[in-house]
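Listed here are the chains, written in short residue letters.
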Amino acid sequence: MAGPKKLFIKSYGCQMNVYDSERMAEALGAEGYVSVGTAEEADMVLLNTCHIREKAAEKVYSDLGRLRPLKVANPGLKIGVAGCVAQAEGEEILRRMPLVDLVVGPQSYHRLPAMAKAVAGGARAIDTDFPAEDKFDHLPERPAPSVGPTAFLTVQEGCDKFCAFCVVPYTRGAEVSRPADRILSEARALVEKGAREITLLGQNVNAWHGGDGGLGRLVRDLAQIDGLLRIRYTTSHPNDMDDGLIAAHGEVDKLMPYLHLPVQSGSDRILKAMARKHTAAQYLDLIGRIRAARPDILLTSDFIVGFPGETESDFQATLDLIEAVGYGTAFSFKYSARPGTPAAEKTPVAADVADERLHRLQALLSRQQKAMQESMVGRELGVLFEKPGRMPGQITGKSDYNHAVHVLGDAALTGTLQRVRITRSDPNSLAGELVPAP
Ligand code: 5AD
Ligand code: SF4
């Protein structure tokens, strides 16, 4: 008798895709699929793709090319493309890539089991609708018997901001918030199964409006759950940081002193061209108000260099903003023209100029990251241990400020929150020692 069908999902891009991949595995799990660790072992391979920059999208086509020999060796292998490339280029994928059996957009994952059945019967299936129903209402309750100490929970999807460079409003659709009661019951279930930290996810998570009082209220309600020790959220738009959420940063102990608040540029001219709908001064004022509520908060951001029309003085304004804020770390990208977005019509900055700016920007951000990490040395911080470290006898976790911390300690401490004295700053992590309980 044939064994269970084996599923391999590869996730590209953001944390929302990681969460969606878990939910897809659960939905197909209910149909008898078990997850395996490599494409070679699988009967079905799903690529959960990202369309945010050209490089990410192109990777999908090269990965599909690499799956071809597997399909030749095993004609029964089913190959699916999910995520934002599926949404944006679904028809084209089916046309260009005969080896693809299934294309499913991010809002249609609840239809995956039915699609998998159709595909098993030899059909090719595509679904890139934006259905009226909420996919999460139709996906099974999370059945995993246990989850790790940290979990993601999507509370909001989509974006109405239409920044001039960004495909998200087109691939993920309009902003939709999940209702508070669903989120709270999912959070309770996660904590029952072992989660100690929950990161709330959304393309515009701080625009969540699935209940009264916005995300600040939701954070306060989540903080009431016994056994849940930490709450984080990502990713946010500056214009949606309301007073209630800022106040929560000062008042809710479980809300970690860490905030990812992308600004993209420090030049008002470029911010306007990007349709970010705020100025550099407004962003700095907001940072001031957040720091008044929580002085030690660690801030991170996203930056784009080489946006069409960016001059050296615009770029200098971005460096000035970074100096003024002082980030713990940040992501920085060279502008990538995306089909269908307004900015794609504009004349790009020369590639060598953009490369050189990215280099300077990253040098400044690395200096700030190093300084921030070094400021942690000698401090005693909370660390939630997540897994064994790379060295024997070592365990690894995250500090309140989201730095990876390696400590000598028993694997049995996994899932516990301990006091750790930071002893050393390494390139992308900290080292520390356990502080004995008093
Ligand atoms: N080119 C480069 N970076 C982009 N991002 C979004 N769209 C583009 C693009 N077209 C970056 C932004 C965003 C992050 C998720 O990806 O900085 O905040
Ligand atoms: Fe893209 Fe802007 Fe929406 Fe973020 S806020 S997802 S950058 S359009």
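Residue indices begin from 1 for each chain and proceed along its sequence in written order. Labels follow written order: the first chain is A, the first ligand is 1, and so on. The model is predicted, so local features are restricted to residues of pLDDT at least 70 and side-chain atom pairs to those at 80 or more, both for listing and for counting; the totals for chains, interfaces and linings are taken over all residues. Only hydrogens and water are set aside when side-chain values are computed; all heavy atoms of the structure are taken into account.

Notes on unusual backbone geometry
Phase 1 of the analysis: The omega torsion of the bond from Thr-234 to Thr-235 falls at 10 degrees, within 30 degrees of zero and hence cis.
Phase 2 of the analysis: Helix and strand labels come from DSSP, where a helix needs a run of H or I of at least four residues and a strand needs a run of E of at least two; each type is numbered from the N terminus. Mapped onto the fold, Thr-235 is located in the loop between β11 (230-234) and α9 (243-251).
Phase 3 of the analysis: One non-glycine residue, Ala-275, lies in the positive phi region at around 60 degrees.
Phase 4 of the analysis: Topologically, Ala-275 is positioned in the loop between α10 (268-273) and α11 (280-293).

As for the pairing of strand β17 (residues 404-408)
Phase 1 of the analysis: Of all 5 residues in β17, 4 are buried; the element is thus mostly enclosed.
Phase 2 of the analysis: Pairing between two strands requires that DSSP report at least two bridges joining them. Judged from the 5 bridges that link them, strand β16 (residues 394-399) and β17 form a sheet pairing that is antiparallel. Counterpart to Gln-394 in the pairing with β17 is Leu-408.
Phase 3 of the analysis: Connecting β16 to the antiparallel partner β17 that follows it, the hairpin turn spans 4 residues, and Asn-402 within it adopts a positive phi of roughly 75 degrees.
Phase 4 of the analysis: Inspection of the sheet shows β17 paired to strand β19 (residues 429-434) by 3 bridges, in the parallel sense. Paired with His-406 across the two strands is Ala-431, which belongs to β19. Partly exposed describes any residue whose relative accessible area lies between the buried limit of under 20% and the exposed limit of over 50%, with all areas from a 1.4 Å probe on protein chains only and scaled to the type maximum.

Some words on the side chain of His-278
Phase 1 of the analysis: Relative to the helices and strands, His-278 resides in the loop between α10 and α11.
Phase 2 of the analysis: Its relative accessible area of 7% is what places His-278 among the buried residues.
Phase 3 of the analysis: Between two residues, a contact is recorded if the distance between any of their heavy atoms is within 4.5 Å. Setting aside residues up to four positions removed in sequence, His-278 forms contacts with His-237, Pro-238, Asn-239, Val-263, Leu-271 and Tyr-283.

Quick notes on the sheet that holds β19
Phase 1 of the analysis: Read around the barrel, 5 strands follow the order β15-β16-β17-β19-β18 and close on themselves; strand pairing throughout is mixed. Ignoring strand direction, the axes of neighbouring strands in this sheet form an average angle of 50 degrees.
Phase 2 of the analysis: By the bridge criterion, 5 bridges tie strand β15 (residues 380-388) to β16 in an arrangement that is antiparallel. Considered in β16, the bridge of Val-383 is made with Ser-399.
Phase 3 of the analysis: Across the face of the sheet, helix α13 (residues 351-376) comes into contact with β15, β18 (417-426) and β19 while running at roughly 130 degrees to β18. In this analysis, axes come from line fits to C-alpha atoms, helices being fitted only over the stretch in contact, and the angle between any two N-to-C directions falls in the range 0 to 180 degrees.

Quick notes on helix α1 (residues 15-29)
Think of an α-helix as 3.6 residues a turn; residues three or four steps apart then line up on the same face.
Phase 1 of the analysis: What a helix is expected to span follows from its residue count: subtract one and scale by 1.5 Å. Over its 15 residues, α1 extends 21 Å from the first C-alpha to the last, a length consistent with the 21 Å expected when each residue adds 1.5 Å.
Phase 2 of the analysis: Across the 15 residues of α1, 11 count as buried, placing the element largely inside the fold.
Phase 3 of the analysis: Burial in α1 covers these residues: Met-16, Asn-17, Tyr-19, Asp-20, Ser-21, Arg-23, Met-24, Ala-25, Glu-26, Ala-27 and Leu-28.

With respect to the site of ligand 1
Phase 1 of the analysis: Taken together, the neighbourhood of ligand 1 is formed by Ile-52, Arg-53, Phe-165, Gln-264, Asp-302, Ile-304, Phe-333, Lys-334, Tyr-335, Ser-336 and Arg-338.
Phase 2 of the analysis: Here a polar contact means two N or O atoms within 3.5 Å. Within protein one must be a hydrogen donor candidate and the other an acceptor candidate, and residues neighboring in sequence count only if both atoms are side-chain atoms. Between ligand 1 and Gln-264, the relevant distance is 2.6 Å, taken from an oxygen atom to a side-chain nitrogen or oxygen of the residue.
Phase 3 of the analysis: Between Asp-302 and ligand 1, the recorded distance is 2.6 Å, taken from a side-chain N or O atom to an oxygen atom.
Phase 4 of the analysis: All accessibility values rest on the Shrake-Rupley procedure with a 1.4 Å probe; residue burial counts only the protein chains present in the view. Across the complex, the protein chains shield 86% of the 400 Å² of accessible surface that ligand 1 would expose by itself.
Phase 5 of the analysis: Breaking the shell around ligand 1 down by element, the ones donating at least two residues are β13 (298-305) and β14 (329-334). In these notes, residues near a molecule or strand are those with any non-hydrogen atom within 4 Å of it.

Focus on the sheet that holds β11
Phase 1 of the analysis: What the 3 strands build is an open sheet, ordered β7-β10-β11; its pairing is parallel. Two strands bound the open sheet, and with one partner strand each, they are β7 (150-154) and β11. Adjacent strand axes in the sheet meet at a mean angle of 25 degrees when their direction is disregarded.
Phase 2 of the analysis: Strand direction decides the pairing type here: strand β10 (residues 197-201) and β11, joined by 5 bridges, are parallel.

Side note on the layout of surface pockets
Phase 1 of the analysis: Of the two site types, the cavity is a set of points on a 1 Å grid over the protein atoms alone where a 1.4 Å probe fits but cannot get out, and the pocket is an open set with protein on both sides within 12 Å along at least five of seven lines, each lined by residues with an atom within 4 Å of a point. Grid points are joined across faces, edges and corners, and a volume is the space filled by probe spheres set on the points. What the second largest pocket holds in volume is close to 390 Å³.
Phase 2 of the analysis: If you trace the second largest pocket, you find 13 residues lining it, with Arg-53, Lys-55, Lys-334, Tyr-335 and Ser-336 closest to the centre.
Phase 3 of the analysis: Contributions of two or more residues to the lining of the second largest pocket are made by α2 (54-73) and α13.
Phase 4 of the analysis: Broken down by element, the lining of the second largest pocket gets its largest block of residues, 3 residues, from α2.
Phase 5 of the analysis: Grouping the amino acids of the lining of the second largest pocket by side-chain chemistry returns 7 nonpolar, 2 polar and 4 charged. Each residue gets one label: Ala, Val, Leu, Ile, Met, Phe, Trp, Tyr, Cys and Pro are nonpolar, Asp, Glu, Lys and Arg are charged, and the others, such as Gly, are polar.

What about the domain arrangement of the protein chain?
Phase 1 of the analysis: Each domain of the protein chain was delimited in the assignment, giving domain 1 (5-127), domain 2 (141-256), domain 3 (258-375) and domain 4 (380-434).
Phase 2 of the analysis: On a C-alpha basis, the centres of domain 2 and domain 4 stand 25 Å from each other.
Phase 3 of the analysis: Listed by partner, the interface residues are 8 residues for domain 2 and 13 residues for domain 4.
Phase 4 of the analysis: Summed over both partners, the interface of domain 2 with domain 4 buries about 720 Å², with 59% contributed by carbon and sulfur atoms.
Phase 5 of the analysis: Together, Pro-149, Arg-230 and Arg-232 form the three largest contributors to the area buried by domain 2 at its contact with domain 4, with a combined 59%.
Phase 6 of the analysis: Salt bridges, as used here, are contacts in which a Lys or Arg side-chain nitrogen is within 4 Å of a carboxyl oxygen on Asp or Glu. At the boundary of domain 2 and domain 4, one finds 1 salt bridge.
Phase 7 of the analysis: With a closest N to O distance of 2.7 Å, Arg-230 and Asp-400 form a salt bridge.
Phase 8 of the analysis: Here domain 2 is connected to domain 4 by 5 residue pairs in polar contact (both at pLDDT 80 or more). For the domain bounds, the source is a domain assignment made automatically or taken from a database. By convention, the term buried area covers the 1.4 Å-probe accessible surface removed from two parts as they join, with the contributions of both added.

Observations regarding the pattern of salt bridges
Phase 1 of the analysis: A complete count under the given rule lists 36 salt bridges for this structure.
Phase 2 of the analysis: Here Arg-172 ties to Asp-20 by a salt bridge, and the two come within 3.0 Å at their closest N and O atoms. Here Arg-172 is found in the loop between α6 (168-171) and β9 (176-177), whereas its partner Asp-20 is found in helix α1, with 152 residues between them in sequence. With respect to burial, Arg-172 and Asp-20 carry one shared label: buried.
Phase 3 of the analysis: The residue Arg-111 makes a salt bridge to Asp-127 at a minimum N-O spacing of 2.8 Å. Highlighted residues: Arg-111 in the loop between β5 (102-104) and α4 (112-120) and Asp-127 in strand β6 (residues 125-127), separated in sequence by 16 residues.

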